[in-house]
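# Structural overview
The lines below spell out each chain.
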Amino acid sequence: MARLFEYQSKRLLKQAGIRIPEGDAASSPEEVRAIAERIGRPVVLKIQVWVTGRAKIGGIRFAATPQEAEAVSREMFGLKVRNFVVDKLMVEERLAIKSEFFAGLVIDDAAKAPVVIFSSVGGTGVEEIAGRHPEKVGKLTVDIRTGLREFEARNLIRRSGLGGGVAVDLADCLTRLYAVARTYEARSAEVNPLVLTESGQVVAADCHLVIDDYAVSRHPELGIEVAREFDRPPTALEKIAYQVEEKDYRGTFYFLQMSENVGPDDRAIGFHGAGGGGSMMSMDAVLRQGFALANYCDTSGNPPASKVYRAARVILSQPNIKGYLASGSGVASQEQYHSARGLVKAFHEEGLDIPAVIRLGGNFEEKAIEILKDYLGDRGRTVEGYGRADSPDFCAERLDKLIRANGSRPHRVKPLTERTVPPGAYGFDTTTGRLSIDHSRCAGCRTRGCVEACAPKILKLEDGRPVLAIAPEDARKGKCTECLSCEIFCQFHEREAIVISLPIPGLKEYRERIVHGHSGE
Amino acid sequence: MAILVNERSRVIIQGITGREGMVRAQLMKDYGTNLVAGVTPGRGGQDVYGVPVFDSVEEAWEKAGPIDASVIFVPAALVKNGALEALAAGVKLLVLVPDRVPIYDVLELSRAAADKGARFVGPNTLGLLSPGKAVLGMIGGRAERAREWFKPGPVGVTSRSGGMTSAIAYHLTQAGLGQSSIIHVGGDAVVGLSHPEAVELFESDPETQLVAMFGEIGTTQEERVADLIEQKRFTKPLVAFISGKAAKSGTRFSHAGAIVEGGRGSYETKVTRLRAMGVHVVDSLFDIPKTARDILGSKELSG
């Protein structure tokens, strides 16, 4: 789920008419000082990280003057909190607090509806308080068609033990919070504490919004780079992988790095799962075999071969992994030869230097395993393909044996190379790349097997040379399924005339940095 | 008998001319599903594997006759519109195959379906299959495979993982145990038909003698199944596997989530609660067929 920082969340509250403390976000001590000067009163400084309990770790500090704020902020910038390095602080007026409340919204999977929660006690440990004092907490399932209505909010607050004018102000705040959550499609929203100041104002002192990953594309104004659940900022490689996923709706590609610093002596492997359930089961098998995972990756939902190819190239951008394991449920409904072809292309272009065990059980697994055997069985490469009869544990054991036989050699990341195309070659765009045919090579072709191999049957022969049989526009719109069959056939059986370029934006530069000894960023 | 769908159910596909729609139309038709029409706006008059295509669900209903179920293969952002269209036309069972459907769209659909007395499976589902009768969605991928992997019999299968739906049913078949129906309830946080609704359907299906359930961490589905057992609304033997034991807890969803879920949703809470209700929770997926066989075998002896 895509989390917003406090300062981002508060901007949305403010737009919706909810009062927030005066202040702003700062990226440097100088900015901190400038904001504090503008406020002209004592301030509070808060680190911007996705971690609860910031006060305990020195993440919330106070300052009486702009000079002090600047000095204190120097101790806070650069602070390491879990996987974060603090690079932003919130600088706000220090509130004179009379009482603290809690307001929140979450999606209830049982009611299949949003639930709004209000507690007349707020602050840290609110869920424990809620457990001990249920009478102070009101919950309301909201009808998605009407939204949270003012009188409903007022009754909710009344049920938590509050009345009078403040209840009216709180109800107003609550309906606006619901509107923010609904507008930006938040999976959860919470204001803790929501405070009543000594001067009688209701102010959102803190706020956290978590936006639904699947709705992020409808809200470009939020500027969310990677719509994934993270407890840290995404790594450079994760951002590259996410671009691939975002630009291709066919199937799913999920990539998460478990470690950015795999060492040459670590027993870590690259993991390529298919489907959440099967991936988890396979990961367990990998861990039981004593391996660590450099990454978690899942290509499922019937992705085209091109997507699996890109996933493999991203996985193989991680230095020092000792092996590659691909494994899913074992009884997949998707045609497994697509995955097999994607891996064949990736492993060849990489010049794979580590063992790989590929468990492709499911629909057409025999054909998939045959593809792996036919095209990756040569030149002493150690790629083994297995089907549904072979358990994840067996496959993890096989990989272990192959890695040992390979002397536990760590994977060396090489500069990104792709097959080249002569200028002026015949070609057409596919959904996410370009297919080129060097017709000068076709002269020596005996079989013209590419036309036959083409799964969607969109190639034909013209003067003995393969060309597109449909409008280029239709090929680009998806009639060319990027199954890679023609390229693989031509490369291994004929004249190597066909090249399918499937760019991965940013990966070339990323590899350069790895090769030259810099890590991710 | 089977739940939700049988060989007589009259079925349409929305998005039948798309990449997935076409391939799965072939699967469904070849397997024996009574596929009466397809819908793609602007493609009315065409046909896909002999199935007539119409411009709207309403038109399909008028020209091809009443519709019991619609399987939706359209891009995620268009699922809400397509599903509302089917509900408005009077379809009572929807299967929402696409992944990445926004959660508020699902909430709106839940409300709209409840108003119409309809239900939906998914989103993010492979669908459901009643062995030897019909398949809705893409379970099995190809008809010949689906016939080989799944056989009619006494076990109802419900799963939150698509691959595992097929895997459990396949391994049951290998152990000589057929299935009444198998259903992938979908992998998302909120789904139309969840485990508790599925087991209630299996409860009232005379063919189903035992249910196998693949659960996962997150949501309250498995705990709500335990609630049903406690309330005696589900009384058949249940064999369950809960995935996600190794997953890191610690990234807490939110205070609000903790208040609403009240300590439900973790691996431990699910397993403890289910075991307390007498559910056979197995530690390995591959133990499901053996456990099911033991239970059904002893039942036969005592019966």
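Each remark here, short or long, concerns the structure printed above.
Along each chain, the written sequence defines residue order, and numbers are assigned to residues from 1. Throughout, the order in which chains and ligands are written sets their labels, letters from A for the former and numbers from 1 for the latter. For this predicted model, a pLDDT threshold of at least 70 governs which residues receive local features, and a threshold of 80 or more governs which side-chain atom pairs are given and counted, while totals over whole chains, interfaces and linings are taken from all residues. Side-chain metrics in this entry use all non-hydrogen atoms of the structure; hydrogen atoms and water are not considered.

## Here's the deal with the overall build of chain B
Only runs of H or I of at least four residues qualify as helices and only runs of E of at least two qualify as strands under DSSP, and these elements are numbered from the N terminus. Along chain B, the regular secondary structure elements total 11 helices and 14 strands. In terms of overall dimensions, chain B is globule-like: its C-alpha atoms have a radius of gyration of 19 Å, near the 19 Å expected for 303 residues. By its C-alpha atoms, chain B is 55 × 50 × 30 Å across when sized along the principal axes. The buried share of chain B, reckoned over its 303 residues, is 60%. By definition, residues are in contact when any of their heavy atoms lie within 4.5 Å. Sequence-distant contacts in chain B: of pairs separated by 6 or more residues, those separated by 24 or more amount to 73%. In this description, accessible areas are obtained by the Shrake-Rupley approach with a 1.4 Å probe, and a residue is regarded as covered only by the protein chains that are shown. For chain B, the accessible area works out to roughly 10,800 Å², and carbon and sulfur atoms hold 51% of it. Counting 33 positive and 33 negative side-chain charges, chain B places the averaged centre of each group 2 Å from the other. Throughout, radius of gyration means the C-alpha value; the globule benchmark is 2.2 Å times the number of residues raised to the power 0.38. Three exposure classes are used, based on accessible area relative to the maximum for each residue type with a 1.4 Å probe and protein chains only: buried under 20%, partly exposed in between, and exposed over 50%. As used throughout, the charge tally considers Lys and Arg to be positive and Asp and Glu to be negative, leaving His and the chain termini uncounted. By convention, the point assigned to a charge is CZ for Arg, NZ for Lys, CD for Glu and CG for Asp.

## Examining the nonpolar core
In these notes, a set of buried Ala, Val, Leu, Ile, Met, Phe, Trp, Tyr and Cys residues joined through side-chain atoms within 4.5 Å is what counts as a nonpolar core. Ranked by size, the top nonpolar core spans 77 residues in total, and within it V71(B), L136(B), L285(B) and I288(B) carry the most contacts. Considering every element that reaches this core, the biggest residue donor is helix α6 (residues 162-174) of chain B, with 6 residues. If you look at the next biggest cluster of nonpolar residues, it comprises 73 residues, including A103(A), V191(A), L209(A) and V106(B).

## Side note on the pattern of salt bridges
Between Lys or Arg on one side and Asp or Glu on the other, a salt bridge is scored when a side-chain nitrogen of the former is within 4 Å of a carboxyl oxygen of the latter. What the rule picks out here adds up to 66 salt bridges over all chains. Salt-bridge contacts for R154(A) lead to E150(A); the nearest nitrogen and oxygen are separated by 2.8 Å. Taken together, the residues R154(A) and E150(A), both in helix α5 (residues 150-159) and 4 residues apart, mark about one turn of the helix. Of the residues examined, R154(A) reaches a relative accessible area of 37% and is grouped as partly exposed. The shortest N-O distance in the salt bridge between E230(B) and R273(B) comes to 2.9 Å. In this pair, E230(B) sits in helix α8 (residues 221-230) while R273(B) sits in helix α10 (residues 267-276), placing the two residues 43 residues apart along the sequence. By relative accessible area, which is 22% here, R273(B) ends up partly exposed.

## Describing the pairing of strand β22 (residues 434-437) of chain A
Residues and elements named next belong to chain A. The rule for pairing is simple: two strands pair if DSSP sees at least two bridges between them. Judged from the 4 bridges that link them, strand β21 (residues 426-429) and β22 form a sheet pairing that is antiparallel. Along β22, the bridge assignment pairs G427 with S436. The turn joining β21 and β22, which pair antiparallel and follow one another in sequence, is formed by 4 residues. Two strands pair when backbone bridges link them, and β22 and strand β25 (residues 498-501) are joined in this way by 4 bridges, in the antiparallel orientation. Among the inter-strand pairings, S436 is bridged to a residue of β25, identified as V499.

## Some words on helix α8 (residues 276-288) of chain A
Residue and element names in this part refer to chain A. Expected helix span is taken as 1.5 Å per residue step, with the number of steps being one fewer than the number of residues. With 13 residues, α8 should cover 18 Å at 1.5 Å per step; its first-to-last C-alpha distance of 18 Å lies within 8% of that length. Regarding α8, the residues found buried are G277, G278, S279, M281, S282, M283, A285 and V286. Where α8 terminates, the next one or two residues include G290, which has phi positive at roughly 85°.

## Brief notes about the interface of chain A and chain B
Contacts between the two partners involve 61 residues from chain A, matched on the other side by 60 residues from chain B. Roughly 5,200 Å² is buried in total at the junction of chain A and chain B, and carbon and sulfur atoms are behind 57% of that figure. Interface area lost by chain A to chain B is led by D109(A), K112(A) and Y214(A), which between them contribute 15%. Counting across the interface, chain A meets chain B through 10 salt bridges. Taking the shortest distance from any N to any O, the salt bridge between E108(B) and R182(A) comes out at 2.6 Å. Each polar contact in these results corresponds to two N or O atoms within 3.5 Å; when the atoms are within protein, one needs to be able to donate a hydrogen and the other to accept it, and residues that are neighboring in sequence are counted only if both atoms are side-chain atoms. The interface formed by chain A and chain B includes 21 residue pairs in polar contact (both at pLDDT 80 or more). Of all the elements in the fold, those that place two or more residues in the side of chain A that touches chain B are β8 (97-108), β9 (113-119), α4 (126-132), β10 (137-141), α6 (164-183), β11 (186-197), α7 (236-246) and α8 of chain A. Each residue belonging to the side of chain A that touches chain B can be placed in one class, and the counts come to 27 nonpolar, 12 polar and 22 charged. Two parts lose some accessible area (1.4 Å probe) when they are put together, and adding that loss for both gives the buried area. Note on residue categories: nonpolar means Ala, Val, Leu, Ile, Met, Phe, Trp, Tyr, Cys or Pro, charged means Asp, Glu, Lys or Arg, and polar means any other residue, Gly included.

## Here we look at the sheet that holds strand β6 (residues 93-96) of chain B
Residue and element names in this part refer to chain B. Spatially, 7 strands are ordered β3-β4-β2-β1-β5-β6-β7 in an open sheet, and the strand pairing comes out mixed. The two strands at the open ends of the sheet, each matched to only one other strand, are β3 (47-48) and β7 (119-121). Pairing of strand β5 (residues 69-72) with β6 involves 4 bridges; the strand directions are parallel. Residue pairing for β6: V71 is matched across the bridge by V95. In this description, a line fitted to the C-alpha atoms serves as the axis of each element, helices being fitted only across the stretch in contact, and the angle between N-to-C directions of two axes falls anywhere from 0 to 180 degrees. Against the sheet, helix α1 (residues 19-31) engages β1 (10-14), β2 (34-39), β3, β4 (51-54) and β5, with an angle of about 165° to β1.

## Here we look at the sheet that holds β25(A)
Residue and element names in this part refer to chain A. Spatial strand order, β21-β22-β25: 3 strands in an open sheet with antiparallel pairing. Two strands in the sheet have a free side with no partner beyond their single neighbour: β21 and β25. Sheet twist, expressed as the average angle between the axes of neighbouring strands with direction ignored, equals 15°. Contacts from helix α16 (residues 485-493) reach β22 and β25 within the one sheet, and its direction differs from that of β25 by about 135°.

## Quick look at the packing of aromatic side chains
For any pair of aromatic rings, the description consists of the separation of the ring centres together with the inter-plane angle of the planes. All names here are of chain B. Pairing of aromatic side chains here covers Phe, Tyr and the six-membered ring of Trp, requires ring centres within 6.5 Å, and sorts the geometry by plane angle: under 30 degrees stacked, over 60 edge-to-face, intermediate tilted. Counting across every chain of the model gives 14 aromatic pairs over all chains. Between W149 and F150, the ring centres sit 6.1 Å apart and the planes meet at 80°, which makes this aromatic pair edge-to-face. On the accessibility criterion, W149 (0% relative accessible area) is buried. Among the residues examined, F150 registers a relative accessible area of 2% and is labelled buried.

## Things to note about the environment of S217(A)
Relative to the helices and strands, S217(A) is located in the loop between β13 (208-211) and α7. C-alpha of S217(A) to C-alpha of A189(A): the two residues are 28 residues apart in sequence and 19 Å apart in space.

## Brief notes about empty space enclosed by the protein
Residues and elements named next belong to chain A. Residues are said to line a cavity or pocket when one of their atoms sits within 4 Å of a point; the points come from a 1 Å grid over protein atoms alone, cavities being sets where a 1.4 Å probe fits but cannot get out and pockets being open sets with protein on both sides within 12 Å along at least five of seven lines. Grid points are joined across faces, edges and corners, and a volume is the space filled by probe spheres set on the points. Across all of its chains, the model carries 6 cavities of 30 Å³ or more by this definition. Its volume calculated, the largest cavity comes out at about 120 Å³. Looking at the lining of the largest cavity, the elements with two or more residues in it are β15 (268-274), β18 (324-328), α10 (336-350) and β19 (356-359). Among the residues forming the lining of the largest cavity, the class breakdown is 6 nonpolar, 8 polar and 1 charged.

## Side note on the environment of G263(A)
Secondary-structure assignment places G263(A) in the loop between β14 (252-257) and β15. As for G263(A) and P410(A), which are separated by 147 residues in sequence, their C-alpha atoms are 8.5 Å apart.

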